[in-house]
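A closer look at the structure
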Amino acid sequence: MLKNRQELIFVRGTTEAINLVAYAWGRPHINEGDIIVTTEYEHHSNIVPWQLLTQEKRAKLEYIGMNDNGELNLDDLDKYLATGKVKLVTFSLMSNVLGTITDAEKIIAKCKAAGVPTLIDGAQAVPHMKVDLDTLGCDFFAFSGHKMLAPTGIGVLWVRKSVLQTMNPFHGGGDMIREVHKYETTWNDLPYKFEAGTPNIADVIGFGAAIDYLTKIGMDNVRQHEIELTKYAMEEFAKVPGLQIYGTKDITKRGGVISFNFADVHPHDVAQIIDEEGIALRSGHHCAQVLMERLDVAATSRASFYIYNTKKDVDALIDSLNTVAKVFKL
Amino acid sequence: MSSGADIYHEMIVDYSRNPINYGEIENHDVTFHDSNPLCGDSIDIDMKIDDQKVTDIKFHGKGCAICMACTSVLTEITKGKSLDDVRKIEKNDILSELGLEHLQAVRIKCALLSLKVLKSALYTYLGSNIENTEGIDTLKAEAENLY
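Residues numbered from 1 in each chain as written. Chains lettered and ligands numbered in written order. Predicted model: local features only at pLDDT ≥ 70, side-chain atom pairs only at ≥ 80, totals over all residues. Heavy atoms only, no water.

What follows covers the overall build of chain B. In terms of helices and strands, chain B carries 6 helices and 3 strands. Ordered by position from N to C terminus, the α and β elements of chain B give α-β-β-β-α-α-α-α-α. For a compact globule of 147 residues, the expected C-alpha radius of gyration is about 15 Å, and chain B comes in at 15 Å, within 12% of that figure. In terms of overall dimensions, chain B has C-alpha extents of about 50 × 30 × 25 Å along its principal axes. Counting all 147 residues of chain B, 48% fall into the buried class. Considering only contacts in chain B between residues 6 or more positions apart, those separated by 24 or more positions represent 62%. Accessible surface for chain B amounts to roughly 7,400 Å². Of this, 48% is attributable to carbon and sulfur atoms. Across chain B, the centroid of the 15 positively charged side chains sits 3 Å from that of the 25 negatively charged ones. (Helix = DSSP H or I, 4+ residues; strand = E, 2+ residues; numbered from the N terminus. Rg over C-alpha atoms; globule rule 2.2 N^0.38 Å. Buried < 20%, exposed > 50% of the residue type's maximum accessible area, 1.4 Å probe, protein only. Contact = heavy atoms within 4.5 Å. Areas by Shrake-Rupley, 256 points an atom, 1.4 Å probe, with all protein chains shown as cover. Lys, Arg positive; Asp, Glu negative; His and termini not counted. Charge placed at Lys NZ, Arg CZ, Asp CG, Glu CD.)

A word on the sheet that holds strand E6 (residues 140-144) of chain A. Residue and element names in this part refer to chain A. Taken together, the 7 strands give an open sheet; going across it, the order is E1-E7-E6-E5-E4-E2-E3, and neighbouring strands pair in mixed fashion. Sheet topology places strand E1 (8-11) and strand E3 (60-64) at the edges, where each strand pairs with a single neighbour. The mean inter-strand angle of the sheet, taken between neighbouring strand axes irrespective of direction, is 20 degrees. Summarising the sheet, strand E5 (residues 118-121) and E6 pair through 3 bridges and their orientation is parallel. Residue pairing in the sheet places Leu-119 in a bridge with Phe-140 of E6. Against the sheet, helix H2 (residues 48-57) engages strand E2 (35-39), E3, strand E4 (86-92) and E5, with an angle of about 145 degrees to E3. (Pairing = 2+ DSSP bridges. Axes fitted to C-alpha atoms, helices over the stretch in contact; angles between N-to-C directions.)

Val-270 of chain A together with Tyr-8, Met-47, Ile-66, Leu-100 and Leu-118 of chain B are the most contacted members of the largest nonpolar core, which totals 72 residues. Other than its neighbours up to four places away in sequence, Ile-66 of chain B contacts Asp-269 of chain A together with Ile-7, Tyr-8, Ile-12, Leu-100, Leu-103, Arg-107, Cys-110 and Ala-111 of chain B. (Core = buried A, V, L, I, M, F, W, Y, C linked by side-chain atoms within 4.5 Å.)

Quick look at the packing of helix H2 (residues 65-78) of chain B against helix H5 (residues 105-129) of chain B now. The packing of two helices is summarised by the inter-axis angle and the distance between the axes. Residue and element names in this part refer to chain B. The N-to-C vectors of H2 and H5 enclose an angle of 35 degrees; their axes lie 8 Å apart at closest approach. H2 and H5 meet at a crossing whose hand is right-handed. Note on element contacts: H5 touches H2 through Arg-107, Cys-110, Ala-111, Leu-113, Ser-114, Leu-115 and Leu-118, opposite Ile-66, Cys-67, Cys-70, Thr-71, Leu-74 and Thr-78. (Left-handed = near helix turned anticlockwise from the far one by under 90°.)

Before going further, it helps to examine the interface of chain A and chain B. Each side of the interface is counted separately: chain A has 14 residues, and chain B has 22 residues. Of all residues in chain A, His-268, Gln-272 and Phe-328 of chain A bury the most surface against chain B, accounting for 34% of the area lost on that side. Joining chain A to chain B, the criterion identifies 3 salt bridges. In this structure, Asp-269 of chain A and Arg-107 of chain B form a salt bridge, with 3.1 Å as the shortest nitrogen-oxygen distance. For the interface between chain A and chain B, the tally reads 8 residue pairs in polar contact (both at pLDDT 80 or more). Looking at which element gives the most residues to the side of chain A that touches chain B, the answer is helix H9 (residues 267-275) of chain A, with 4 residues. Here the residues of the side of chain A that touches chain B sort into 5 nonpolar, 5 polar and 4 charged. (Buried area = accessible area lost by both parts, 1.4 Å probe. Salt bridge = Lys/Arg side-chain N within 4 Å of Asp/Glu carboxyl O. Polar contact = N/O pair within 3.5 Å; in protein donor to acceptor, adjacent residues only side chain to side chain. Nonpolar A, V, L, I, M, F, W, Y, C, P; charged D, E, K, R; others polar.)

We now examine the packing of aromatic side chains. Residues and elements named next belong to chain A. On inspection of all chains with the given rule, the structure shows 8 aromatic pairs over all chains. Ring centres of Trp-25 and Phe-140 lie 5.7 Å apart, and the angle between their planes is 70 degrees; on these two criteria the pair is classed as edge-to-face. Of the two residues, Trp-25 sits in helix H1 (residues 14-29) while Phe-140 sits in strand E6, which places them 115 residues apart along the sequence. For the pair Trp-25 and Phe-140, a shared accessibility class is recorded, and that class is buried. Note on Tyr-306 and Tyr-308: the rings are 5.7 Å apart at their centroids and 90 degrees apart in plane angle, and the pair reads as edge-to-face. Tyr-308 gets classed as exposed once you look at its relative accessible area, which sits at 57%. (Phe/Tyr/Trp six-rings, centres within 6.5 Å; stacked < 30°, edge-to-face > 60°.)

This part covers a nonpolar patch on the surface. On the surface, Leu-149, Tyr-213, Ile-217 and Tyr-308 of chain A cluster together to form a nonpolar patch covering roughly 410 Å² of accessible area. On the secondary structure map, Tyr-213 of chain A appears in helix H7 (residues 201-217). (Patch = residues over 30% accessible without salt bridge, like charges linked within 9 Å, V, L, I, M, F, W, Y side chains within 5 Å.)

A few words on the environment of Lys-79 of chain B. Residue and element names in this part refer to chain B. Counting through the fold element by element, Lys-79 comes out in the loop between H2 and helix H3 (83-87). Note: C-alpha distance between Lys-79 and Thr-55 (24 residues apart in sequence) is 6.2 Å. Once residues lying within four places of it in the same chain are set aside, the contact partners of Lys-79 are Asn-21, Val-54, Thr-55, Asp-56 and Ile-57.

The subject of this paragraph is the pattern of salt bridges. Scanning all chains against the criterion turns up 21 salt bridges over all chains. Members of the salt-bridge network, linked through shared partners, are Glu-40, Asp-68 and Arg-294 of chain A.

Side chains of residues three or four places apart in an α-helix project in the same direction, reflecting 3.6 residues per turn. Residues and elements named next belong to chain A. Taking 1.5 Å of rise per residue, 17 residues should cover 24 Å, and helix H11 (residues 311-327) covers 25 Å from first to last C-alpha, within 8% of that figure. Three or more residues of H11 are buried, namely Val-314, Leu-317, Ile-318, Ser-320, Leu-321, Val-324 and Ala-325. Projection of H11 onto a plane perpendicular to its axis shows the buried side chains occupying an angular sector of 165 degrees, all on one side. Away from the buried face of H11 by more than 90 degrees, exposed residues Lys-312, Asp-319 and Lys-326 are located. Where H11 is buried, its residues meet helix H8 (219-238), strand E10 (243-245), strand E11 (257-262), H9 and strand E13 (300-304). Of the residues trailing H11, Lys-329 is marked for its positive phi of about 50 degrees. (Expected span 1.5 Å × (residues − 1). Arc of directions from axis to C-beta.)

Okay, here's the thing in structure tokens:
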């Protein structure tokens, strides 16, 4: 998937990758009055760096809205692009809360027609489906190791070379330089210009092992497995009274996560009771408070599937919801 | 040890459904808001203070059953107390009331958000009503050592 090593920068994770772009690309390219467009279902790591940048530059941050099915309203994108002021469109390829798979090809086609670069947060998509940068045609792509069986603290930022060449360094220090004199410095070649300091060697090797493992399984098989599990889980969830699922019901348009609320029980309480039965759910705002506001909920519970999960796990989850119902007298 | 599902006894579940002192006080003397950044629990406390006593207290917000139950209990403990006594309220006063003395670290913030908001409200009130400047330093030191 990554053919040119010059375009690949190792970072701590998606968060650092996006901050790198906001800093090293954003600072020289964004000016007062410019618009950066993101979406309502982004992780905080694809919102806050842009707030920092647009506030500093007196630029504007706008959002592509979402319909009640958890899909983006691309009319909003058209509206912003028509202003001629949009300098970047940034979006997650898969919502970490709703699982919605973004129609990246459509968004990128619109952006290309308007001459606007695109950034994709691939943290959720890369571990769960085949992603091809050539087909996508974006300019920036970020993802993390720890969501795909690798250690924490390692991730990748890919940047199209022609764009990378227009960027300032991110961190200054060792490795990123060619020559340092008292008052000026010249930069190392790509991608080292963007990799200051001692690299995280051990975790890069761990990341490689994880990628080899997933490649051996085959990303299409990973996706197929998750489609089957998600389909089964959605059918079983639908039978539980009082259980509300967020996002689209169309399995082909969503990844292997299901966010839900169970009657009036707070997600933290659901997660804690279910944890006693040996099932790990994530509860809370999932670093997506803008989306929580859009859904008008304080939090959700989220079941996420991966290659090691089975239908039996789904059955156990459904059973444990009965315990929640009992404790809370539903 | 209260761990897992056994913390969800009758009282907690009841308080979460029917919180005590839930609402707002329109003509409050002090109000304070805070939230837990990790989980998003969010609490506002309003107090009416007359003659150095909390004559009315109400809270509103969103939170899990532990958070709602603890806030209910805390408002009950606080109502009618002198400001000096409110200053002395400790975390165990709430936790013991609900049998949560050994609540796991992961949920302790849910339980004590309300205490943080109450103390912040109290010090906000005291700070804005204090007469001598010497007292301000004592208050500041006390407020800084709360957590």
